[in-house]
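Close look at the chain arrangement
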Amino acid sequence: MPIFEYKCNACGNEFEELVFDRDECPPCPKCQSADTGKLMSAVRSKVGGFSPDAGGGSAPAAPSAPSSGCAGCSGGNCSSCG
């Protein structure tokens, strides 16, 4: 279910709304004006790994290999993990 961001042209209020019809602009929850418009939303995502702008300061330490000789299935071969 999509959540869109809107701005009221009458009072300047910015708000989010769950809308089923993408072409519909809901009324402003603050002043009830129907003069609202959809805002362009910026999307940011992170899919694992280190992100220098995440505020951590340094990359996370790499996991150490198990001492049993098991590759931990990360290499695609789990036969050594008996």
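Definitions and cut-offs
- Residues numbered from 1 in each chain as written.
- Predicted model: local features only at pLDDT ≥ 70, side-chain atom pairs only at ≥ 80, totals over all residues.
- Heavy atoms only, no water.
- Helix = DSSP H or I, 4+ residues; strand = E, 2+ residues; numbered from the N terminus.
- Buried < 20%, exposed > 50% of the residue type's maximum accessible area, 1.4 Å probe, protein only.
- Polar contact = N/O pair within 3.5 Å; in protein donor to acceptor, adjacent residues only side chain to side chain.
- Contact = heavy atoms within 4.5 Å.
- Phe/Tyr/Trp six-rings, centres within 6.5 Å; stacked < 30°, edge-to-face > 60°.
- Lys NZ or Arg CZ within 6 Å of the ring centre and 35° of its normal.
- Pairing = 2+ DSSP bridges.
- Axes fitted to C-alpha atoms, helices over the stretch in contact; angles between N-to-C directions.

Naming follows an unreviewed UniProt entry, where the chain appears as Zinc ribbon domain-containing protein of Pseudodesulfovibrio karagichevae.

1. Examining the side chain of T36
Examined against the element boundaries, T36 turns out to sit in strand β3 (residues 36–38). A relative accessible area of 10% places T36 in the buried class. Of note is the side chain of T36, whose polar atom sits 2.8 Å from the backbone oxygen of P26. Ignoring anything within four residues of it in the chain, the contact list for T36 reads K7, C8, N9, F15, C25, P26, P27 and C28.

2. Section: the packing of aromatic side chains
Summed over the entire model, instances satisfying the criterion amount to 1 aromatic pair. Seen in terms of ring centroids, Y6 and F15 are 5.7 Å apart; in terms of plane orientation they differ by 25 degrees. Their pairing is stacked. Note on accessibility: Y6 and F15 belong to one class, buried. One Lys or Arg, K38, reaches over the ring of F4 and ends 4.2 Å from the middle of that ring.

3. Quick notes on the side chain of S33
Within the secondary structure, S33 is located in the loop between β2 (14–18) and β3. Residue classification places S33 among the buried residues on the basis of a relative accessible area of 17%. For S33, the contacting residues outside a window of four places in its chain are C8, A10, P27 and C28.

4. A word on the sheet that holds β3
Pairing is antiparallel across the open sheet formed by 3 strands, whose spatial order is β2-β1-β3. On the outer flanks of this sheet lie β2 and β3, each paired with one strand and no other. For this sheet, the mean inter-axis angle between neighbouring strands, taken without regard to orientation, is 40 degrees. Two strands pair when backbone bridges link them, and strand β1 (residues 3–8) and β2 are joined in this way by 5 bridges, in the antiparallel orientation. The residue of β2 that forms the bridge with Y6 is F15.

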